[in-house]
Amino acid sequence: MSNNNFMVRKAAVLGAGVMGAQIAAHLVNANIETLLFELPAQQDNPNANVIKAVGKLKKQEPAPLSIPSKAVYIQPANYDQHLELLKDCDVVIEAIAERMDWKKELYTKVAPHLGENTIFASNTSGLSINQLAQAFPEENRHRFCGIHFFNPPRYMHLVELIACEGSDASMLDNLEAFLVTGLGKGVIRAKDTPNFIANRIGVFSLLATMHHGKLCNLGFDEVDALTGALIGRPKSATFRTADVVGLDTLAHVVNTMRDTLQDDAWHTYFAVPDWLQSLIDNGALGQKVKRGVYQKVGKEIQVLDLVSNTYRVAAGEVDEDLKQQLKYASPADMFAALHASEHPHAQFLWAIHRDLFHYCAVQLESIADNARDLDLAIRWGFGWNKGPFEIWQAAGWQQIASWINADIAAGKSMCSQPLPAWVMEIGTDKQAAIHTKTGSFAPASKTIHARSTLPVYQRQLFPDRLIGEEASYGETIFETDAVRMWHTGDQIAILSFKTKMHTIGIEVLDGAQQAIEEAERNWRALVIWQTEPPFSAGANLKKATERPKDGPPPQPLSTFEQSIKSLKKTAQATILKAARELDLADVLMASKLKEVEGMVEKFQQTSQSLRYSMIPTVAAVDGLALGGGCEFVMHCDRTVATLESYIGLVEVGVGLLPAGGGCKEFALRAAQNAQDGDPFPQLKNYFQTVATAQLAKSAEQAKQLGYLRLADSVVMNRFELLHVAKAQALALAEAAYRPPLRSREIMVAGNTGIATIQSLLVNMLEGGFISEHDNLVGSKVAHVMCGGDLTPGSLVDEDWFLELERAAFMELLATEKTQLRIEHTLKTGKPLRN
């Protein structure tokens, strides 16, 4: 039995390299005091190696730390002076270089210093856990296991957990619960086979891609154009991903497969290509040295050309007809087209999928317990939208299997080994599908395995769903085209948006107000939660007006990238995409600004309703919460946010200002927290946040910027978000909730505050740092947040600020330069500084 009271108060990481330091960073992200060990430095300070590694964490992008100040909680240590500190650690994670001899030597050194109940785990990417365990004292092996984080540890959801023969079952259960809730990970139990599950399958897929790319005479950039978002994989595709991972790291994993998988029927292909070894020998290791398969020269992205052995401009393109099929055809139709086509691009895509399916089918029983574990490992570890078996099932299992068998017989496959017998039973009366609503197929027992019943998974009301599993979100209370209000059989109502990117238009505002009224009548609390991220990309004014019949055609809307790659982009890139979602071109062309003003007023009313409703309101935030979405968050009684929440008032990026209560809320908070009766010192910080459209890159940073309150909760696992939000809502209700009293005496910074900020803006204008229009937008923000042209210390109510917001928003929207900014952004995707 697992111990529900198992807690990790203190942890240690052995090894301050790239992975070790980042694992330590994520431990302190989770508020766990962490020791970081490294060899003593040959300097005055023996901890210099660790101190240097921690310093790099604060500068690294994407940031391993949720906020830079977390670095202070990583305690430097070395093996000569501090081994006795290990006895107080609940978990010790070894993350030194992938050398069996080095690891074993370290185990011998540290084992005598471990606490009686300390869990010791090796973060190896593929070495045998049972072989490593032999170096651990026999009496302690029940507390030894493998734990494989994926890089970067903060962002990648997957952790593989691997038992050795002596691992205690309850220890593994406790560690899994800690990884899931404490660190926010998706845990897959892998068998002790080389490279475990994700790397075994993912690296095979990469090798198959290299092999068939060469056979089809495709350039690296051409392969990447074919194997990225078009087929449901990360935008970094194949060779850009290799650069990010590190070409030396990739080569190590391939060599591990070559050395340890001698009996694998595909062993011939487990070799580092000559071109890859040449890059490594020349120090071109990928992104970490800014040169690998790709390099950036100025603003130009260049790719290695194997024909000339030089770099050229990257310009990979996909056949247009094929691109349309990949985007819009059903999986069955798409694979039928790939299989039938003679175009090199289609033949390439069919071949890499065929060999991937073939390899997964043959290896499944030896590396994983069931098909679900393999598919989730690839999704969570490599960022694919669907796992290999999910893709196969969606495309038509029996048809794909027959095509694979035909290619094996014709010698077209990379391997002549036949498909396992169980494959041909899937999709028949014997076994309907590999993934079903009750579980996934396990080839060893030829039965369906249900999901884990560990108590920790009871917190995941709606876990990451596989094809074949039912998507049933509670019982509907009411539903419109824009929103759905529902419940899960308790007294907490849930509101979810149905709009694209969960943008907020008139219909969502109407639905939110209806939901608040319904909740006040019949429910104890209201939680705003989306079935998929983001929380909300902000206001959508598109439907507030109609374009005149003789107006120009609408600009195409963009979409936000939902993978981790897009969430690492700069705040400005996110602002530009948000502008497209706003689609303000429709508003400008319609020239019905009064209707827009009416929508802004309704937005403000809805925000205020969230604040002053008679039932507690809780925002459950995951991913982006921009503009109006952020304003909803700021007005709920509580927010529960995942660590990877990206929150901000970004309207200034397109020449506007927050007008859904965001400026008012910052002014109110500054007044409430005023010291010596002066709100300006705090207000100045809030002004900078709004005027520079700062986007918080974590929930912790959102607290620092003021978007979230200190009392708001941060959860590590996005699949536990709704559970925690409902618990917070119920706790507020149980405490005989009453809404806060409306603020009627808000102290303003007034004209003195406005003048102070304007003087700063003038200095920036004269220094060439901002434009005239930047100055105007900044001045409008200052005017609103300081409470207008009033004497400092004057007292106003919330409606005063809301009127200032509306007026300033409409004034800016009517200016030619804001209109030009919006139109330029929509057309080019780039900001206009005018």
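About the cut-offs
- Residues numbered from 1 in each chain as written.
- Predicted model: local features only at pLDDT ≥ 70, side-chain atom pairs only at ≥ 80, totals over all residues.
- Heavy atoms only, no water.
- Pairing = 2+ DSSP bridges.
- Helix = DSSP H or I, 4+ residues; strand = E, 2+ residues; numbered from the N terminus.
- Axes fitted to C-alpha atoms, helices over the stretch in contact; angles between N-to-C directions.
- Parallel < 35°, antiparallel > 145°, perpendicular 65-115°, else oblique.
- Left-handed = near helix turned anticlockwise from the far one by under 90°.
- Contact = heavy atoms within 4.5 Å.
- Nonpolar A, V, L, I, M, F, W, Y, C, P; charged D, E, K, R; others polar.
- Buried < 20%, exposed > 50% of the residue type's maximum accessible area, 1.4 Å probe, protein only.
- Phe/Tyr/Trp six-rings, centres within 6.5 Å; stacked < 30°, edge-to-face > 60°.
- Lys NZ or Arg CZ within 6 Å of the ring centre and 35° of its normal.
- Patch = residues over 30% accessible without salt bridge, like charges linked within 9 Å, V, L, I, M, F, W, Y side chains within 5 Å.
- Areas by Shrake-Rupley, 256 points an atom, 1.4 Å probe, with all protein chains shown as cover.
- Salt bridge = Lys/Arg side-chain N within 4 Å of Asp/Glu carboxyl O.
- Lys, Arg positive; Asp, Glu negative; His and termini not counted.
- Charge placed at Lys NZ, Arg CZ, Asp CG, Glu CD.

Looking now at the pairing of strand 15 (residues 475–479). Here strand 15 runs beside strand 16 (residues 483–487); their pairing, made up of 4 bridges, is antiparallel. Residue pairing in the sheet places Phe478 in a bridge with Met485 of strand 16. The hairpin formed by strand 15 and strand 16 contains 3 residues between the paired strands.

Each pair of packed helices can be summarised by the angle the axes make with each other and by the distance between the axes. Helix 13 (residues 344–367) packs onto helix 12 (residues 331–340) with a crossing angle of 110 degrees between their chain directions and a minimal axis gap of 7 Å. In terms of orientation, helix 12 and helix 13 fall into the roughly perpendicular class. For the pair helix 12 and helix 13, the sense of crossing is left-handed. Contact residues: Phe335, Leu338 and His339 in helix 12; Ala346, Leu349, Trp350, His353 and Phe357 in helix 13. Residue composition of the contact of helix 12 with helix 13, grouped by class: 6 nonpolar, 2 polar and no charged.

Structurally, Gly662 can be placed in helix 22 (residues 662–672). Residue class for Gly662 comes out buried when judged on its relative accessible area of 0%. In this view, Gly662 contacts Glu631, Met634, His635, Leu649 and Glu805; residues no more than four positions away in its chain are not counted.

Attention now moves to unusual backbone geometry. Looking along the chain, the bond that leaves Asn151 and enters Pro152 is cis, with omega of 0 degrees. In this fold, Pro152 is placed in the loop between strand 6 (144–149) and strand 7 (158–163). With an omega dihedral of 10 degrees, the bond running from Pro533 to Pro534 counts as a cis peptide bond. Note on placement: Pro534 falls in the loop between strand 18 (525–528) and helix 17 (564–567). Residues other than glycine seldom take positive phi values, yet Asn195 does so here, at roughly 65 degrees. Residue position: Asn195 is located in the loop between strand 8 (186–190) and helix 6 (198–215). Look at Met501: it is not a glycine, yet its phi comes out positive at around 55 degrees. If you trace the backbone, Met501 turns up in the loop between strand 17 (492–497) and helix 16 (506–522).

Bringing the packing of aromatic side chains into the picture now. Taken as a whole, this structure holds 32 aromatic pairs when the rule is applied. Between Phe120 and Phe144, the ring centres sit 6.1 Å apart and the planes meet at 15 degrees, which makes this aromatic pair stacked. Of this pair, Phe120 sits in strand 5 (residues 119–122) while Phe144 sits in strand 6, and the two are 24 residues apart along the sequence. Ring pairs connect the aromatic residues Phe335, Phe357, Phe389, Trp392, Trp397, Trp422 and Phe441, which therefore count as one cluster. One residue, Arg233, lies across the ring of Trp384, its end atom 3.8 Å from the ring centre. Positioned above the aromatic ring of Tyr294 is the side chain of Arg240, whose terminal nitrogen or guanidinium carbon lies 4.1 Å from the ring centre.

A cluster of like negative charges, contributed by Glu601, Asp797, Asp799 and Glu803, occupies part of the molecular surface. Considering the arrangement of structural elements, one finds Asp797 in the loop between strand 23 (795–796) and helix 28 (798–813).

This brings us to the side chain of Asp407. Inspection of the secondary structure assignment puts Asp407 in helix 15 (residues 388–409). Those residues in contact with Asp407 that lie beyond four places of it in its chain are Trp350, Arg354, Lys412 and Ser413.

Spatially, 3-2-1-4-5-6-7-8 is the arrangement adopted by the 8 strands of the open sheet, whose pairing is mixed. At either margin of the open sheet sits one strand with a lone partner, and together these are strand 3 (74–78) and strand 8. Along the sheet, successive strands turn relative to each other by an average axial angle of 25 degrees, direction set aside. Where strand 6 lies against strand 7, 5 bridges are found, and the strand directions are antiparallel. Across the sheet, the residue bridging to Phe149 is Val159, located in strand 7.

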